[in-house]
Amino acid sequence: MSNRFAQALGKKPSPQQQQAPAKSSKKRGKHIGGYFTPEVSRQLRQVALDENSSVQALLGEALDLLFESRRLPAIAGRLKAG
């Protein structure tokens, strides 16, 4: 049970929950986001489903195409979704 839920229920979190180390953002990557219409979200998820891929992989591909069009190295595909 997470600390927030334990607090809401009036329970004390276990010592393991209190001292859980934070995951390094260097290993996971940095979040990049934007707000788009529900239709854009739905279509992107459908492409990912049709191609047996992930939204993150498709966004990495799109960013690499953007970078290449600006004569920058294609580096977004390096971080694998996991």
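Given the structure is predicted, the values throughout are model-derived calculations rather than measurements.

Q: So what exactly am I meant to see when it comes to the overall build of the protein here?
A: Within the protein one finds 5 helices and 0 strands. Sorting the 82 residues of the protein into buried and exposed places 7% on the buried side. Of the accessible surface of the protein, which amounts to about 7,700 Å², a share of 56% is contributed by carbon and sulfur atoms.

Q: Would you take a moment to explain a nonpolar patch on the surface for this structure?
A: On the surface, a nonpolar cluster with roughly 270 Å² of combined accessible area is contributed by Ile32, Leu63 and Leu66. Considering the arrangement of structural elements, one finds leucine 63 in helix 5 (residues 55-69).

Q: Looking at this structure, how should I read helix 4 (residues 38-50)?
A: At 3.6 residues per turn, the α-helix brings residues three or four places apart onto the same side. Its 13 residues give helix 4 an end-to-end C-alpha distance of 18 Å, which sits within 8% of 18 Å, the value for a rise of 1.5 Å per residue. Backbone geometry just after helix 4 places asparagine 52 at a positive phi near 50°.

Q: For this particular structure, what's the right way to read unusual backbone geometry?
A: Trans peptide bonds make up most of the peptide bonds, and negative phi angles are found at most residues other than glycine. The phi angle at asparagine 52 is positive, at roughly 50°, despite the residue not being glycine. Mapped onto the elements of the fold, asparagine 52 is located in the loop between helix 4 and helix 5. The class of asparagine 52 is exposed, set by a relative accessible area of 75%. Here arginine 71, not a glycine, exhibits a phi torsion of approximately 60°, which is positive. Overall, the relative accessible area of 81% leaves arginine 71 in the exposed class.

Q: Help me understand the packing of helix 4 against helix 5, please; the structure alone is not making it clear to me.
A: What describes two packed helices is the angle between their axes and the distance between those same axes. In contact at an axis separation of 9 Å, helix 4 and helix 5 are set at 100° when each is read in the N-to-C sense. Classified by the interaxial angle, the pair formed by helix 4 and helix 5 is roughly perpendicular. On the side of helix 4, the interface is formed by Leu44, Arg45, Val47 and Ala48, while helix 5 contributes Val55, Leu58 and Leu59. When grouped by side-chain class, the residues that make up the contact of helix 4 with helix 5 number 6 nonpolar, no polar and 1 charged.

Q: What's the story with helix 5 in this structure? I'm lost.
A: In a regular helix each residue adds 1.5 Å, so 15 residues correspond to 21 Å; helix 5 covers 21 Å between its end C-alpha atoms and thus fits that length. Buried within helix 5 are the following residues: Leu58, Gly60 and Asp64. Looking straight down helix 5, one finds its buried side chains confined to an arc of 160°; they lie on one side. At its buried positions, helix 5 is contacted by helix 4. Phi turns positive, to about 60°, at arginine 71, one or two residues after helix 5.

Parameters at a glance
Residues numbered from 1 in each chain as written. Predicted model: local features only at pLDDT ≥ 70, side-chain atom pairs only at ≥ 80, totals over all residues. Heavy atoms only, no water. Helix = DSSP H or I, 4+ residues; strand = E, 2+ residues; numbered from the N terminus. Buried < 20%, exposed > 50% of the residue type's maximum accessible area, 1.4 Å probe, protein only. Areas by Shrake-Rupley, 256 points an atom, 1.4 Å probe, with all protein chains shown as cover. Patch = residues over 30% accessible without salt bridge, like charges linked within 9 Å, V, L, I, M, F, W, Y side chains within 5 Å. Salt bridge = Lys/Arg side-chain N within 4 Å of Asp/Glu carboxyl O. Expected span 1.5 Å × (residues − 1). Axes fitted to C-alpha atoms, helices over the stretch in contact; angles between N-to-C directions. Parallel < 35°, antiparallel > 145°, perpendicular 65-115°, else oblique. Contact = heavy atoms within 4.5 Å. Nonpolar A, V, L, I, M, F, W, Y, C, P; charged D, E, K, R; others polar. Arc of directions from axis to C-beta.

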